[in-house]
Amino acid sequence: MNLPYMEAAFERDLFLQNPLPFFVAAKKLWPGQRRPTLTHAFIKLLDSKNLLHTSFTQNIDMLERAAGVPPSKLVEAHGSYAAHSCIECAAPYDGAKMEEAVMSLAIPRCEACGGLAKSDVVLYGDPMPPAFFSSLPRILHSDLLIVMGTSLAARPFADLAELVRGDCPRVLLNKDAVGEFERPDDVVRLGECDQLVRVLCRELGWEGELEEAWEAVGGRVDRGGVIGVGAGGSDDEGGKLFDGELENITRGIDSMHGLGQACPA
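Residues numbered from 1 in each chain as written. Predicted model: local features only at pLDDT ≥ 70, side-chain atom pairs only at ≥ 80, totals over all residues. Heavy atoms only, no water.

The protein chain carries the name Deacetylase sirtuin-type domain-containing protein in an unreviewed UniProt entry, which gives Serpula lacrymans var. lacrymans as its organism. Per UniProt, the comment on the protein chain under Cofactor (unreviewed entry) is "Zn(2+)". We quote the UniProt Subcellular location (unreviewed entry) comment for the protein chain here in full: "Mitochondrion". (UniProt positions renumbered as here; feature names shortened; annotations may be inferred.)

Set out below in structure tokens:
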């Protein structure tokens, strides 16, 4: 896409000059093309047992919603493809029209002022959504904080792990050791998130319920263990290449500090 680096597809300045890379990425990430993972099903299972207070996520792919996590308990810190608006006048943009534009790689224009319209995904240089900051007091009500699948590099999101009360146990289920989990009640388990939540649910006697929750949202399970997850997208070489590029974008979104620095402390 002639980008100086892949993360530029999500930079506000480049979007204003050339919005096409953003919409190419949006087409690949558009909801409905990928199924929730076992970890998403675990979050839904917590909600089903009335144990989920709030799920804070950096993901923009809406897979938490697809897994059935109630929007009232979901804080999408970097926005999502659930709503759309004009970047000039903030007028709402119709979702069906946005999907049609994204799938055809047409550049949508606001019907009110003619400005560029896009999904409400946070770009580099944009402030975090007001809903993120208004939801921060929820973290103080935590009896247990579970941190999964993050580098804890992007602030202010990374600060959430430090906002819980000092006597609140924290559990890190992650591929890598991140953050500062050194409190007496902290628990750290490293590995693939799907496997870690499966072991946790086995210890809790919830393994069968976890499998059922995942099957309900399209996961493929046999009773001897998880055998696969349906991931949308193309199997051609170009699709595989772009999947790798999107992974780089995702890592960049998580690690670059421009988002946090653009937000009020």
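> Describe the UniProt feature "active site" (unreviewed entry) in the protein chain, and please don't skip the residues or the numbers.
Per the UniProt record, "active site" (unreviewed entry) is annotated on His78. Structurally, histidine 78 is set in the loop between strand 2 (74-76) and strand 3 (79-86). (Helix = DSSP H or I, 4+ residues; strand = E, 2+ residues; numbered from the N terminus.)

> Outline the packing of aromatic side chains, listing residues and values.
Geometry of an aromatic ring pair is reported as the spacing of the ring centres plus the angle between the planes. A complete count under the given rule lists seven aromatic pairs for this structure. An angle of 90° between the planes, with centres 5.3 Å apart, marks the rings of phenylalanine 22 and phenylalanine 23 as edge-to-face. Considered together, phenylalanine 22 and phenylalanine 23 belong to a single accessibility category, that of buried residues. Seen in terms of ring centroids, tryptophan 30 and tyrosine 81 are 5.4 Å apart; in terms of plane orientation they differ by 50°. Their pairing is tilted. Here tryptophan 30 is found in the loop between helix 2 (20-29) and helix 3 (38-48), whereas its partner tyrosine 81 is found in strand 3, with 51 residues between them in sequence. Clustering of aromatic rings is evident, with ring pairs tying together Phe10, Phe15, Phe22 and Phe23. The ring centre of phenylalanine 181 lies 4.6 Å from the NZ or CZ of arginine 170, which sits over that ring. (Phe/Tyr/Trp six-rings, centres within 6.5 Å; stacked < 30°, edge-to-face > 60°. Buried < 20%, exposed > 50% of the residue type's maximum accessible area, 1.4 Å probe, protein only. Lys NZ or Arg CZ within 6 Å of the ring centre and 35° of its normal.)

> Explain the side chain of aspartate 126 residue by residue, including any values.
Relative to the helices and strands, aspartate 126 is located in the loop between strand 4 (117-121) and helix 6 (130-134). Here arginine 12 takes part through its side chain, which lies 3.0 Å from a polar atom of the side chain of aspartate 126. (Polar contact = N/O pair within 3.5 Å; in protein donor to acceptor, adjacent residues only side chain to side chain.)

> Break down the side chain of glutamate 76 for me, with residues and values.
Of note, glutamate 76 is situated in strand 2. The buried category is assigned to glutamate 76, whose relative accessible area is 14%. Filtering out sequence-adjacent residues up to four positions away, glutamate 76 remains in contact with Thr57, Met62, Arg65 and Pro129. (Contact = heavy atoms within 4.5 Å.)

> Quick rundown of the environment of proline 184? Include the residues and the values.
By the secondary structure assignment, proline 184 is in the loop between strand 6 (170-174) and strand 7 (187-190). Residue class for proline 184 comes out exposed when judged on its relative accessible area of 83%. In sequence terms proline 184 and arginine 170 are 14 residues apart; their C-alpha atoms lie 9.6 Å from each other.

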